Amino acid sequence: MLAAALATPVAGAEGPLVVLLDGDAKLWEQWSTAAGWRFLAPWANMQDAPLDERILALEKRLAEERSRAPFDPHRVYLAGQGGGAAAVFYVASRVPDLWAAAVALGGTARPAVDSNRLFGANTTNLPVLWISGNKEDQPLARRMQQAGYNLDFRLEETADANMIFQWLAARRRDPHPATADCETGATNFSRCYWITITAFNAAARNDALASTRVPPVGTGAQLALGGFGFDPNDRGPGVLVNWLPPGYKGPLELKDRIVAIAGKPVRDAAAYIELMDSITEEKPVAVMIQRGNQRLRRETRITVPPRAEVVTARVQGRYLPELQEIQILSRAIASMRLEIPAEWVGAALNWNGANLGKAESAGCWLLEEKKGLLDARRCP
């Protein structure tokens, strides 16, 4: 059971905000209120929408919320629990510059890793705390850390709310960090703090910037039974269905157990995961479902989705005050916008080794490549 001790309330009208993607909303709201923090569960009525669409709606929702009841934009914290943990890892990689820090309680990072869209560089300035009671999560956590994912993994049976809020409170978002480093394969997720990619060019190679993708564990194969959730640590028999999306119209019901696939018994959730990981081609299969005392046979397919965002772009920006220089390294990028703060005015602009003059004023600067030549100028 989660501890009830909470952090000291924060004074002031513009205090921190906790944004819960999924989990026990009543519990998180109770914790946030006791700490003197504001609380928001923006996806409560958006579970049917694709994940990327929900992410794009987040920034708009945060802006609306701030105009209604002010909060500190530099102390906005992302959270998820259980089945919502995977979304925390994914959202942190997609839009890192919205958050000061993130926390995932329980759950697994596996769906986020297997999305092929998790990039370690994106969390350079965004620490993510993962509290798990399952030692089987350690190899996956190491896989993420090895790719540069800024992960603080803690193997603990219980989570102390006081510790969680103190850990979050120690982190603050910097809109202009001295180092900004992001990788993406999607044009609608191309902002990286003070850098925004405006045009891609796959031919613009740069061997100095390797990919920071967290490599998927398996092939992504799954049964075409509609989205369903299960506890990867369930000991069986079979796979216990413990979550179905709102409006689900497939053949499953909550508490069903998938006990056989293609005539072969499924021992437990771990065996199911291992089986799916080994499948590389789509094929029709029959599954056996245990529903109470009934055994139901259903025809379906195993699908293997194509890997998403195979080709990516990466940008790494650094402000070096001792050299009075802004250094930009990029791969697969034709143009980008820089938002220069007042304290950086006068710094030299250097893009992939080319000196482009000085940033003579604060605000938006456009860097672009045309016919092999690099140029920097004020945004039109």
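If you're wondering where the values come from, they're calculated on a predicted model, not measured in any experiment.

Rules behind the numbers
- Residues numbered from 1 in each chain as written.
- Predicted model: local features only at pLDDT ≥ 70, side-chain atom pairs only at ≥ 80, totals over all residues.
- Heavy atoms only, no water.
- Axes fitted to C-alpha atoms, helices over the stretch in contact; angles between N-to-C directions.
- Helix = DSSP H or I, 4+ residues; strand = E, 2+ residues; numbered from the N terminus.
- Parallel < 35°, antiparallel > 145°, perpendicular 65-115°, else oblique.
- Left-handed = near helix turned anticlockwise from the far one by under 90°.
- Contact = heavy atoms within 4.5 Å.
- Nonpolar A, V, L, I, M, F, W, Y, C, P; charged D, E, K, R; others polar.
- Phe/Tyr/Trp six-rings, centres within 6.5 Å; stacked < 30°, edge-to-face > 60°.
- Buried < 20%, exposed > 50% of the residue type's maximum accessible area, 1.4 Å probe, protein only.
- Lys NZ or Arg CZ within 6 Å of the ring centre and 35° of its normal.
- Core = buried A, V, L, I, M, F, W, Y, C linked by side-chain atoms within 4.5 Å.

Participant: What should I look at first to understand the packing of helix α2 (residues 51-68) against helix α3 (residues 85-94) in this one?
Facilitator: For any two helices packed against each other, the geometry comes down to the angle between their axes and how far apart the axes lie. For the pair α2 and α3, interaxial distance at closest approach is 11 Å and the crossing angle is 60°. On the basis of the axis angle, α2 is oblique to α3. Regarding α2 and α3, the two cross each other, and that crossing is right-handed. Residues Leu-51, Asp-52, Ile-55 and Leu-58 of α2 pack against Tyr-90, Val-91 and Arg-94 of α3. Looking at the contact of α2 with α3 residue by residue, the classes come out as five nonpolar, no polar and two charged.

Participant: What is the right way to read the packing of aromatic side chains from this model?
Facilitator: Aromatic ring pairs are defined here through the distance separating the ring centres and the angle between the ring planes. Per the counting criterion, the structure on display carries twelve aromatic pairs. Note on Trp-28 and Trp-31: the rings are 5.0 Å apart at their centroids and 65° apart in plane angle, and the pair reads as edge-to-face. Highlighted residues: Trp-28 and Trp-31, both in helix α1 (residues 25-34), separated by three residues, approximately one helical turn. Exposure remark for Trp-28: the relative accessible area of 0% places this residue in the buried category. Aromatic ring contacts, followed pair by pair, group Trp-28, Trp-31, Trp-37, Tyr-77 and Phe-165 into a single cluster. Sitting above the plane of the Trp-43 ring, Arg-54 keeps its charged end 4.8 Å from the centroid. Positioned above the aromatic ring of Trp-167 is the side chain of Arg-171, whose terminal nitrogen or guanidinium carbon lies 4.1 Å from the ring centre.

Participant: Explain the nonpolar core here, please?
Facilitator: One broad trend across soluble globular proteins is that nonpolar side chains are buried collectively. Phe-89, Trp-99, Trp-130, Met-144 and Ile-328 are the most contacted members of the largest nonpolar core, which totals 66 residues. Take this core: its biggest share by element is seven residues, from α3. With residues near it in sequence (within four places) discarded, Met-144 still touches Phe-89, Ala-109, Val-113, Leu-118, Trp-130, Tyr-149, Leu-151 and Val-214. Counting 23 residues, the second-largest nonpolar core is a separate cluster that includes Trp-28, Phe-39, Val-103 and Ile-131.

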